[in-house]
Amino acid sequence: MSQKSKVSVLLQRRDNIREWLEEEAPYTEVDQRHLDAHTPERAYWHHGYQSALTDIMAMLALEDGKTGTSGIPN
């Protein structure tokens, strides 16, 4: 997958999540409960964020693995 294709996939995922949030949970824009220490919201936010980073790393590693230049172990 080309770099441009990867960016397109990520932009589409981001836009889909933004759309969903606008429809399902518009209060999250101002509520910001994920910033409160020791709350379930904060734990879920961090879980989602690390999942997103893992997805992006996998996308990058998959391409690097095809070229043999990956510095990320499988």
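Look above for the structure.
Residues numbered from 1 in each chain as written. Predicted model: local features only at pLDDT ≥ 70, side-chain atom pairs only at ≥ 80, totals over all residues. Heavy atoms only, no water.

1. Remarks on a negative patch on the surface
- The grouping of Glu19, Glu22, Glu23, Glu24 and Glu29 at the surface amounts to a negative patch.
- Relative to the elements of secondary structure, Glu22 occurs in helix 1 (residues 3-24). (Patch = residues over 30% accessible without salt bridge, like charges linked within 9 Å, V, L, I, M, F, W, Y side chains within 5 Å. Areas by Shrake-Rupley, 256 points an atom, 1.4 Å probe, with all protein chains shown as cover. Salt bridge = Lys/Arg side-chain N within 4 Å of Asp/Glu carboxyl O. Lys, Arg positive; Asp, Glu negative; His and termini not counted. Charge placed at Lys NZ, Arg CZ, Asp CG, Glu CD. Helix = DSSP H or I, 4+ residues; strand = E, 2+ residues; numbered from the N terminus.)

2. Brief notes about the layout of surface pockets
- In this structure, the largest pocket spans a volume of roughly 1,100 Å³.
- Forming the boundary of the largest pocket are 26 residues, of which Ile17, Leu21, Trp45, Gly48 and Tyr49 lie nearest the centre.
- Those elements that provide at least two residues to the lining of the largest pocket are helix 1, helix 2 (28-31) and helix 3 (40-67).
- The greatest single-element share of the lining of the largest pocket, amounting to 9 residues, is contributed by helix 3.
- Its residues assigned to classes, the lining of the largest pocket shows 13 nonpolar, 4 polar and 9 charged. (1 Å grid on protein atoms, 1.4 Å probe; cavity = no way out; pocket = protein on both sides within 12 Å on 5 of 7 lines; lining within 4 Å. Points joined across faces, edges and corners; volume = space filled by probe spheres on them. Nonpolar A, V, L, I, M, F, W, Y, C, P; charged D, E, K, R; others polar.)

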